[in-house]
Amino acid sequence: MMSDASYGDARWVGKPVTRIDAVDKATGKFKFMSDLAFPGMLWGRVLRSKYSHALIGRVDTAKAEALPGVRAVLTARDVTGLNGFGIVVPDQPVLCWNKVRYLGDAVALVAADTSEIAEEALGLIEVEYQPLPVVDDPEKAMEPDSPLVHDGGNIHLHTRVKNGDVEEGFAQADVIIERTYYTPRQMHSFMETESGVGMCDDDGSITVWCGGQHPYRDQLQVARALGVSPEKIRIIATPSGGAFGGKDEITLQIYLALLARATRRPVKMVLSREESVVAGMKRHPMKITMKTGARADGTLVAHKVRIVADTGAYASLGGPVVNLAVEHSCGVYRIPNVELEGYCVYTNNGIAGAFRGFGANQVNFAMETQMNLIANVLGIDRVEIRKKNALRGGEQAPLGHTMAPVVGTHAVLSALEKCDLWVNREKYKACSSAPWKVRGVGVAVEYHGTGLGVGLPDYGAATIELGPGGRFTVGVSCPEIGQGNTTTYAQIAAEALGVDVTDIGIVSGDTGATLDSGSCTASRSVYTGGNSILRAAERMVALLREVGAEVLGVPVEEVAVGHGSVWVRTQGTRDCGCEGRCGRERGSDPGGISCGPASGRLSFAELYERAASWGRTLRTEGSFTWPTADKGIEGAFGLPHLINSYIAHAALVEVDTLTGKAEVLKVESFPDAGKVVNPQGLEGQSEGGAVMGIGYALMEDTIIEGGQFKTTNFSTYILPTSMDSPEVVTHIVEELEPTGPYGAKGIGEAVCVPITPAVTTAIHDACGVTVERIPATGERVYRALKGL
Amino acid sequence: MKICGKVYAGLLPGTPPCEFEEELPDGAVVADLLERLGIQERIYIVALVNGMRASLSRPLSDGDRLELMKPVGGG
């Protein structure tokens, strides 16, 4: 449910335009990667490790190769390039040759005529293992005598940031709260598991269809593993049936390319849910110790944080995740004295990597709980203490950099404190549904860094091409992963070109058809793609004017563009600056304004035909690079972020004191995403994000014991269903981002972050239990209630 | 022709990010610049020419600015 939506005066931006893929998805016409089929297609399978930590001896594939219907069996010797992948450090073997480090490790690949034959062949591959001690506790993994997951040591990254004098700060404090928090290994739970098809042409060129989040980087990783030029690899990463960060790293792309090259036939792979759970990324479990000091009036004076993150067997983006956790561990607050450190540690517990929120979820849960505890001890209103300490634009942040001019924290908190749930919280709490049930209301706030940070140029690009019928094709490589960015791109392009949104077609996620726009991660897709489209559109308008002038035989200055056409302005008149959008007819205004069609008019369709007859393609490109913070943070690559999204959540929770079960009854969400391009899209993000954050707070955890997965499907990994989803009211807070397309910025991650502490602190408000370990299952809350 | 730009961390082992300015012959491509700078990597590398991603076979023009870096990710 959406309230107080602001649509503004624009024709397309700010309007709840129906998703461009809605009808096809609703009718089942839409084809996901797992729906693809080609003539002569084979089925691929992966032989995964039998142990979570072991040395590999002999690998014998003879029996599998002899099985009728088997077309290829590949092992490490068939990896002709670098036998490793990983966005930052290529420490994960494509196919293991001497050691396995988790149960998802790949040892061999099979391609066969049917999936059943491929499955049978996996069972015929003989692998000799020598089991090793399992490293399953990140704290113990850091001890000097721990068995090593990697020869270089078990600490992948250690980041430390100091500002001010933290001990002096604590000396000034009237209250100090110190707690240790534990967060679970949340699963992305995308609807479509890792799926795709690889195909190899006669010239050795390879095309891989596989849902991903950065096709151009996938292209480089595939090329590196195969030892070929990237130009020989085409990656098509759109569409994807969900990703949430879980498809940011390589999933199947290299396997598909290897099998396609070996068989010279199309090869399809679709992971079962069980295989996806074992092999795929998860959210980093973290142990977070926070010590926070405040004066009696609530002013924060010191904050000390230690984060230990379990990244599992391989690095992937574990380092950047921990860095972002460090960056966000001070919350939205002004704290003059801080000492923050984070460890990213290897274990044999699966693998952890990118996940919506990217390290912020864990520390936001901890920090917002700290703020509640401080408010309670000091008797200060929970919203008031947040507003008192919240950073404003241009202030120095705890990491030492200067905040961007526009900071939405106060706006989202001010909106929250006026909402029904907060204003009437005592009324809501007074009417529990049973005598043994108690209610509480929690609040939390977050800023979320968008883009990749300050370390490297964060770039994007877009193309626009005029086609038959006057339709434009817009190309952006950021894939559509289900969040609706292609619809947003169409709206931005339609607005900039002055045409109907139905006149825009979007191509995304294809290295063969788009320029590199970077990743669809870091809440960067709308901001990067949108800014790139605006620049390409500006050039397209200039090009249309130029070609129009040539066709119409008049100087460029006399040509106007808009309403799907170019035309000659009437001599002695002027336009009103609307580029023809206002539709004012020639001569209708006594002031001599002439914006509408005059004589000498050419539709975009006619312009295309004329240009095509000359053999000319009307195509433009636009590129964009993000602004960055005024200084980096030494020893913390990629920090800090400059442009943030802001959000506050209020949650009403009812706790059953007989069972400990908590139920979320209502959520009010206050996202500041700058200008909202599509309110319907934001509403979807807001509701989906809230439910994901509720699952994180109350039920989700991939349990791994001794390196063995205990929750391998949705029968044991408990997700929120529609029965667990409360009413979510989304209130748009639009603090326009001056550098964003029409003032927009990203919101895809923040929507799932402060909802978690809003829920867990509502439990505290209801029954006095301070949640320090999530998920706050019924058993945990019950035991805390009973002091067990 | 004169080409300038920046090499980011990781491409030249042991070398921090550094600005460069090079004189290259007409017809030079991005790969020629990598050779001149002593950068060994030819696959897992991102080259931006005037802010836009370019292949290593992309011809260069006088005055181009390049950013050379390893691919990254983030949130």
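Note that residues are indexed from 1 along each chain, following the sequence as it is written. As a convention, the first chain written is A and the first ligand written is 1, with the rest following in written order. Reporting in this predicted model follows two pLDDT cut-offs: at least 70 for local features of residues, and 80 or more for side-chain atom pairs to be given and counted; totals over whole chains, interfaces and linings ignore these cut-offs and use all residues. As a convention, hydrogens and water are excluded, and side-chain values are obtained from all of the structure's heavy atoms.

Undergrad: Would you take a moment to explain the overall build of chain B for this structure?
TA: A run of DSSP states H or I qualifies as a helix once it reaches four residues; a run of E qualifies as a strand once it reaches two. Both are numbered from the N-terminal end. Per the secondary structure count, chain B includes 1 helix and 5 strands. Going residue by residue from the N terminus, the α and β elements of chain B occur as β-β-α-β-β-β. For the radius of gyration, the atom set is restricted to C-alpha positions; the globular benchmark scales as 2.2 Å times the number of residues to the power 0.38. In terms of overall size, chain B behaves like a compact globule, its C-alpha atoms giving a radius of gyration of 12 Å where 75 residues would be expected to give roughly 11 Å. Dimensions along the principal axes, computed over C-alpha positions, put chain B at roughly 35 × 25 × 20 Å. For chain B, the proportion of its 75 residues judged to be buried stands at 52%. In chain B, the share of contacts with a sequence separation of at least 24, taken over all contacts with a separation of at least 6, comes to 51%. Carbon together with sulfur atoms contributes 50% to the accessible area of chain B, which is approximately 3,400 Å² in total. In this charge count, Lys and Arg are treated as positive and Asp and Glu as negative; neither His nor the chain ends contribute. A single reference atom marks each charge: NZ on Lys, CZ on Arg, CG on Asp, CD on Glu. For chain B, the distance from the average site of its 8 positive side-chain charges to the average site of its 11 negative ones is 6 Å. Residue burial is assigned from relative accessible area. The probe radius is 1.4 Å, only protein chains are included, and a residue is buried under 20% of its type maximum, exposed over 50%, and partly exposed in between. We call two residues in contact whenever any of their non-hydrogen atoms come within 4.5 Å of each other. Only the protein chains shown count as covering a residue, and every accessible area follows the Shrake-Rupley method with a 1.4 Å probe.

Undergrad: What is the right way to read the sheet that holds strand β10 (residues 195-200) of chain A from this model?
TA: In a beta sheet, neighbouring strands are held together by backbone hydrogen bonds and run either parallel or antiparallel to one another. Residues and elements named next belong to chain A. For two strands to pair, DSSP has to find at least two bridges joining them. On the basis of which strands lie adjacent, the open sheet formed by 7 strands has the order β4-β6-β2-β13-β10-β11-β12 and mixed pairing. The open sheet is flanked by β4 (70-74) and β12 (233-236), the only strands paired with a single partner. Neighbour to neighbour, the strand axes of the sheet diverge by 20° on average, direction disregarded. Relative to strand β6 (residues 106-112), strand β2 (residues 42-48) runs antiparallel, the two sharing 6 bridges. The residue of β6 that forms the bridge with Arg45 is Val110. The sheet contacts of helix α3 (residues 115-124) involve β2, β4 and β6, and relative to β2 the element is tilted by about 25°. For helices, the axis comes from a line fit to the C-alpha atoms of the stretch in contact; other axes are also lines fit to C-alpha atoms, and the angle between any two N-to-C directions lies between 0 and 180 degrees.

Undergrad: I'm lost on the pairing of strand β26 (residues 662-672) of chain A in this one. Help?
TA: The side chains of a regular strand alternate, residue by residue, between the two faces of the sheet. Residue and element names in this part refer to chain A. For β26, the tally of buried residues reaches 9 of 11 residues, placing the bulk of the element in the interior. Where strand β25 (residues 644-656) meets β26, 10 bridges bridge the pair, whose relative direction is antiparallel. By the bridge assignment, Ala650 is partnered in β26 with Glu668. The turn linking β25 back onto β26 is made up of 5 residues, and Gly660 within it adopts a positive phi angle of 85°. Relative to strand β29 (residues 727-731), β26 is paired through 4 bridges, and the arrangement is parallel. Paired with Val667 across the two strands is Val728, which belongs to β29.

Undergrad: I'm lost on the environment of Pro68(A) in this one. Help?
TA: Residue and element names in this part refer to chain A. Of note, Pro68 is situated in the loop between α2 (62-66) and β4. Assessed through its relative accessible area of 67%, Pro68 is described here as exposed. Each C-alpha atom, one on Pro68 and one on Ala121, is 9.5 Å from the other, the two residues being 53 residues apart in sequence.

Undergrad: Would you mind showing me how to read the packing of aromatic side chains here?
TA: Residues and elements named next belong to chain A. Between rings of Phe, Tyr and Trp, where Trp is taken as its six-membered ring, a pair exists when centres lie within 6.5 Å; planes separated by under 30 degrees are stacked, by over 60 edge-to-face, and by other angles tilted. The final tally for this structure, using the stated rule, is 9 aromatic pairs over all chains. With a centroid separation of 5.2 Å and 65° between ring planes, the pair formed by Tyr51 and Tyr129 is classed as edge-to-face. Within this pair, whereas Tyr51 is found in the loop between β2 and β3 (54-60), its partner Tyr129 is found in strand β7 (residues 126-131), the two being separated by 78 residues in sequence. The class of Tyr51 is partly exposed, set by a relative accessible area of 29%. Judged by centre distance (6.4 Å) and plane angle (40°), the ring pair of Tyr447 and Tyr646 falls under tilted. Pair noted here: Tyr447 is in strand β17 (residues 437-449) and Tyr646 is in strand β25, with a separation of 199 residues, a long-range link. On the basis of relative accessible area, Tyr447 is assigned to the buried category, the value being 7%. Of the residues examined, Tyr646 reaches a relative accessible area of 2% and is grouped as buried.

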